[in-house]
Amino acid sequence: MRGHASCLHGDVAEYRRCLADFFTEGVQDGLRVAYVSSQGAEAARADLADLGDLDRLLAGGAVHVVSAREVYGAGGPVDPERVVAFVAAATEQSLADGFGGLAISTDATALVGTPVQKDAFARCEFLVDRYMAGHPLSALCGYGLGLGNDTVAEFALLHMPAPSYEPPLQVFGCADGAIGLAGECDPTGVAALGRVLPRLRTADGGAVVVDLAGVEYVDHRLLLTLDRYARGNGIAVSLRSAPPLAALLMELLPVFSLQLAKSGVQG
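A short tour of the structure in this document, coming up. (Residues numbered from 1 in each chain as written. Predicted model: local features only at pLDDT ≥ 70, side-chain atom pairs only at ≥ 80, totals over all residues. Heavy atoms only, no water.)

## A look at the sheet that holds strand β5 (residues 137-144)
Here is step 1 of the chain: Reading across the sheet, the five strands line up as β1-β5-β4-β2-β3 and stay open at both edges, with parallel pairing between neighbours. Single-partner strands in this sheet number two, and they are β1 (4-9) and β3 (63-67). Pairs of neighbouring strands in the sheet enclose a mean axial angle of 20°, with direction left out of account.
Here is step 2 of the chain: Relative to β5, β1 is paired through six bridges, and the arrangement is parallel. Each residue of the ladder has a partner; that of C7, found in β5, is G142.
Here is step 3 of the chain: Packing against the sheet, helix α1 (residues 12-28) makes contact with β1, β2 (32-37), β4 (102-107) and β5, and its axis sits at approximately 175° to β4. (Pairing = 2+ DSSP bridges. Helix = DSSP H or I, 4+ residues; strand = E, 2+ residues; numbered from the N terminus. Axes fitted to C-alpha atoms, helices over the stretch in contact; angles between N-to-C directions. Contact = heavy atoms within 4.5 Å.)

As structure tokens, then:
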């Protein structure tokens, strides 16, 4: 997993503390940091007050404040491809300006309030993560606990473990387009995975590759969930770097839409 973190917070003050820590580390590492805010310049300054020497950092270009409208549009579901294009351009501009990369953060709570918004933003998170695989970009995404347990679990799944919440299973984008999984296949994590997978929309006329190199063990729940995803979308799912137990389970279970990738079983 790369530097794609979440801050699952009970209030704005908690997110501000996470934001200050994330940006302080980014500045120390020679990165440009960008805060995506929907509340205007003064509110953004208040959110960044704990960063220290804010005026100097703003004047020198180490800190940018960006309008949420510029990144995510004028409301409604986000356009994932547009968001990725924005962060890619901002990352390249940061490098051109002499910084080591870009660290970006926003509180995404208001962007995932409806089912359609959740679908779009989950794909956005996955595509941004896939871009991170080969570029010097890191991100901190805030989500309010008031969104409910299921929504919090689903978006935590798409981020690195955090001190405030450590999901047993994580989903991330691989540079070659595969879906990467890491962690443990506990019932809660696998259930959240089943809800998140259709939102990623990674199938493009062929098999979807799921990389299992980071999964500690594979059980029947994970395989059945991946098979339901494959059958529900009319695709084949190819398992890469699967542990040896996966092959045995696939012989015993009715998972006809799953296959092992060539050289895809760990020795």
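## Some remarks on the pairing of strand β7 (residues 179-183)
Here is step 1 of the chain: By the criterion of burial, β7 is predominantly enclosed, with five of the five residues buried.
Here is step 2 of the chain: Bridge analysis of strand β6 (residues 169-173) against β7 gives five bridges, and the strand direction is antiparallel. Residue pairing across strands places V171 opposite L181, the latter belonging to β7.
Here is step 3 of the chain: What sits between β6 and β7 in their antiparallel hairpin is a turn of five residues, with G177 showing a positive phi close to 95°. (Buried < 20%, exposed > 50% of the residue type's maximum accessible area, 1.4 Å probe, protein only.)

## Brief notes about helix α8 (residues 187-200)
Here is step 1 of the chain: Here α8 is 14 residues long and its end C-alpha atoms lie 20 Å apart, about the 20 Å a rise of 1.5 Å per residue gives.
Here is step 2 of the chain: At G194, α8 shows its strongest bend, of approximately 30°, with the proline P198 following within four residues.
Here is step 3 of the chain: Where α8 is concerned, the buried positions are G189, V190, A192, L193, V196, L197, R199 and L200.
Here is step 4 of the chain: On its buried side, α8 packs onto α6 (115-132), α7 (149-157), β6, β7 and α9 (220-233).
Here is step 5 of the chain: Just downstream of α8, R201 is the residue with a positive phi angle, here 45°. (Expected span 1.5 Å × (residues − 1). Bend = angle between axes of the 7 residues up to and from the residue.)

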